[in-house]
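# Architecture and fold: a report
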Amino acid sequence: MSTTVAVLGTGIMGAGMTRSLLREGLEVTVWNRSTDKAKPLADDGARVAETAADAVADADVVITMLFDTDAVAQTIEPVLPRFRDGAVWVQASTVGIEGTDRLAALARDAGVDYLDAPMLGTRAPAENGQLVVLASGPSSPRDTVAPVLDAIGSRTQWVSETIGDASRLKLAINAWIGVMINGIAQSIALARGLGIDPQQFLAAVDGGAVNAPYVQLKGKAMIDGEYTPSFELDGVIKDTDLITAALREAGVDTTLATAVRDRLAAASSEGHGSEDMAAVVHAY
């Protein structure tokens, strides 16, 4: 029998993950606080539930992909009693260390199997089943979730059996993403300010050791002024706050994260918060 999946949260990532699940023949029910955001997925074969409780009732695997800890907790806590026996909650939202502990406690109190499974990737990888899944938690639910994780990801990296370790790794990775996007923006802005076509910057680093796919992808977006969101700028601010809290907990200096957040916030204050993070170039 096919694995049944509920996806709670059908924003950029949740919608893309749903389409990847459906392509692999899985039965998917979706729910979103704004039903209008979920309805287009019916055309792809998903069942659209009116309530989160209805969505999870018959699911083998429940995925949460929502903005922050509060959004996840407010959605999931009332419906945990509706989980069927043996169902697994795959918590894919980026919620940080304290958020993961809080959500794992809800699952533990309800007797529900929980996996900490944040994703690496944005719109296109989510749509194409090419996310990298970072997972941590007990090994017992792995067989249940395997077809689900295989459908949405190019690979799954099992970090450890300690719930929360995947989220810790995700923060380290997103810290690098925040630094990289700001570094690209600064170089694009500097080239322009010095009277150099910023496309020359991208051409110069292309193929070299300091190049990266993100340099070309986001650099081109900055030059073209194309900010269709793959990872919304305000979402990067939220993640940077989680990163800063983790840095303090780990005893690691926060200077760089503070600077990253400052430039992101400056771009957001100019009205770019719902655009792609490449819009941070406006802060430079």
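For the structure itself, consult the block above.
These remarks concern the structure in this document. (Residues numbered from 1 in each chain as written. Predicted model: local features only at pLDDT ≥ 70, side-chain atom pairs only at ≥ 80, totals over all residues. Heavy atoms only, no water.)

### Comments concerning the layout of surface pockets
Rolling a probe over the atoms, with the probe sized like a water molecule, indicates the empty space that remains. In this structure, the largest pocket encloses a volume near 790 Å³. Looking at the largest pocket, it is lined by 30 residues, and the ones nearest its centre are I12, M13, M65, L66 and F67. In terms of residues, the lining of the largest pocket owes the most to one element, helix α8 (residues 165-193), which gives four residues. The residue makeup of the lining of the largest pocket, split by class, is 12 nonpolar, 12 polar and six charged. For the second largest pocket, the calculated volume is near 270 Å³. Elements represented by at least two residues in the lining of the second largest pocket include exactly α6 (123-128) and α10 (213-224). For the lining of the second largest pocket, the element with the highest residue contribution is α10, accounting for six residues. In the lining of the second largest pocket, the residues fall into five nonpolar, four polar and six charged. (1 Å grid on protein atoms, 1.4 Å probe; cavity = no way out; pocket = protein on both sides within 12 Å on 5 of 7 lines; lining within 4 Å. Points joined across faces, edges and corners; volume = space filled by probe spheres on them. Helix = DSSP H or I, 4+ residues; strand = E, 2+ residues; numbered from the N terminus. Nonpolar A, V, L, I, M, F, W, Y, C, P; charged D, E, K, R; others polar.)

### Describing the pairing of strand β2 (residues 27-31)
Within β2, four of the five residues are buried, which leaves the element mostly enclosed by the surrounding structure. Relative to β2, strand β1 (residues 4-8) runs parallel, the two sharing five bridges. Residue pairing for β2: T4 is matched across the bridge by E27. Since β1 and β2 lie parallel, the crossover through helix α1 (residues 12-23) that links them has a hand, and here it is right-handed. (Buried < 20%, exposed > 50% of the residue type's maximum accessible area, 1.4 Å probe, protein only. Pairing = 2+ DSSP bridges. Right-handed = clockwise from strand over helix to strand, strands pointing away.)

### Some points on helix α9 (residues 198-205)
Listed in full, the buried residues belonging to α9 are P198, L202 and V205. Angularly, the buried residues of α9 cover 80° about the axis, an arc narrow enough to put them on a single face. Pointing more than 90 degrees away from the buried face of α9 are the exposed residues Q200, A203 and A204. Where α9 begins, the side chain of D197 points an oxygen toward the backbone nitrogen of Q199, at a separation of 2.9 Å. Once α9 ends, the next one or two residues include G207, with phi positive near 85°. (Arc of directions from axis to C-beta. Polar contact = N/O pair within 3.5 Å; in protein donor to acceptor, adjacent residues only side chain to side chain.)

### What to know about the nonpolar core
Grouped together as the largest cluster of nonpolar side chains are 30 residues, with contacts concentrated most on V5, M17, L21, V28, I63, V90 and M119. Dropping the residues within four chain positions of it, I63 is found in contact with V5, A6, V7, L8, M17, L21, V90, A92 and V148. (Core = buried A, V, L, I, M, F, W, Y, C linked by side-chain atoms within 4.5 Å. Contact = heavy atoms within 4.5 Å.)

### Topic: empty space enclosed by the protein
Evaluated as defined, the whole model comprises one cavity of 30 Å³ or more. Considering only enclosed or pocket space, the largest cavity measures out at about 40 Å³ in volume. In this structure, the largest cavity is lined by N174, I177, G178, F231, V236, D239, T240 and I243. Secondary structure elements with two or more residues in the lining of the largest cavity: α8 and α11 (233-250).

### A word on the environment of R19
Looking at the secondary structure, you find R19 in helix α1. R19 sits in the partly exposed class, given a relative accessible area of 24%. Distance from R19 to L171, taken between C-alpha atoms, is 26 Å for residues 152 residues apart in sequence. If sequence neighbours within four positions are ignored, R19 has contacts with L41, D44 and E127.

### Remarks on a nonpolar patch on the surface
Taken together, the side chains of L190, L194 and I196 present a nonpolar region at the surface, about 320 Å² in accessible area. Structurally, the position occupied by L194 is in the loop between α8 and α9. A residue is classified by how much of its surface remains accessible, and L194, at 64% relative accessible area, is exposed. (Patch = residues over 30% accessible without salt bridge, like charges linked within 9 Å, V, L, I, M, F, W, Y side chains within 5 Å. Areas by Shrake-Rupley, 256 points an atom, 1.4 Å probe, with all protein chains shown as cover. Salt bridge = Lys/Arg side-chain N within 4 Å of Asp/Glu carboxyl O.)

Spatial relationships are all this shows, so hold off on functional conclusions.
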